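Examining the three-dimensional arrangement
So the chains spell out like this:
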Amino acid sequence: MDPFASALDALFHGPGSEAADFVSESGVQEGVRIIRSRPTADATFGESRIRQDTTEIDVRRSEVPDPAPGDRFVIREIDPATQAEVETVCIIAGDPELDVEGMTWTCSAPPA
């Protein structure tokens, strides 16, 4: 097996990864593994700077070959306080970017 693929499998099944459903605009739904991050981004308007939180989702190309704006990830979690299932829907905004090795997509996908 390709060593990069083996390392990627370990990352997407390790701490910090989670299960999600990927739903394309055409309605096709499939289970995937994702890594979600929440970096901050700076936007400049004239002399003003605004810092905002963003949401990025990494997904393996082998699971989602061609993500597109409007596709979404549905993430289900258990709220520790209430023990109720909480569903978060993140919609891809903008064009996803492929990593250097061509194995992972990074999608800007803020919660809806």
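As shown above, the structure is provided for reference.
The structure reproduced in this document is the subject of the present report. (Residues numbered from 1 in each chain as written. Predicted model: local features only at pLDDT ≥ 70, side-chain atom pairs only at ≥ 80, totals over all residues. Heavy atoms only, no water.)

Okay, the state of the cysteines next. Counted by the stated rule, this structure contains 0 disulfides. In this structure Cys-107 is a free cysteine whose sulfur lies 11 Å from that of Cys-90, the closest cysteine sulfur available. (Disulfide = S-S within 2.5 Å.)

Let us now look at the pattern of salt bridges. Inspection of every chain in the model, using the stated rule, returns 6 salt bridges. In this structure, the salt-bridge partner of Glu-87 is Arg-76, at a minimum N-O distance of 3.4 Å. Linking Glu-87 in strand 7 (residues 85–91) with Arg-76 in strand 6 (residues 72–78), this pair joins segments that are 11 residues apart in sequence. Judged by relative accessible area, Glu-87 falls into the partly exposed class, the value being 48%. (Salt bridge = Lys/Arg side-chain N within 4 Å of Asp/Glu carboxyl O. Helix = DSSP H or I, 4+ residues; strand = E, 2+ residues; numbered from the N terminus. Buried < 20%, exposed > 50% of the residue type's maximum accessible area, 1.4 Å probe, protein only.)

Time to look at the pairing of strand 7. For a regular strand, side chains alternate in direction, first toward one face of the sheet and then toward the other. Relative to strand 7, strand 6 runs antiparallel, the two sharing 7 bridges. Looking across to strand 7, one finds that Phe-73 is bridged to Cys-90. Once strand 6 ends, the chain turns through 6 residues before running back antiparallel as strand 7, passing Gln-83 with a positive phi of about 60 degrees. (Pairing = 2+ DSSP bridges.)

We now examine the nonpolar core. Of all hydrophobic cores here, the largest spans 14 residues; its most connected members are Val-32, Ile-34, Ile-57, Val-59 and Phe-73. Sorting the residues of this core by element identifies strand 1 (17–23), strand 2 (29–37), strand 5 (56–60), strand 6 and strand 9 (104–108) as the ones contributing at least two each. Other than its neighbours up to four places away in sequence, Val-59 contacts Phe-12, Val-32, Arg-33, Ile-34, Val-64, Phe-73, Met-103, Thr-104 and Trp-105. (Core = buried A, V, L, I, M, F, W, Y, C linked by side-chain atoms within 4.5 Å. Contact = heavy atoms within 4.5 Å.)

By themselves these figures say nothing about function.
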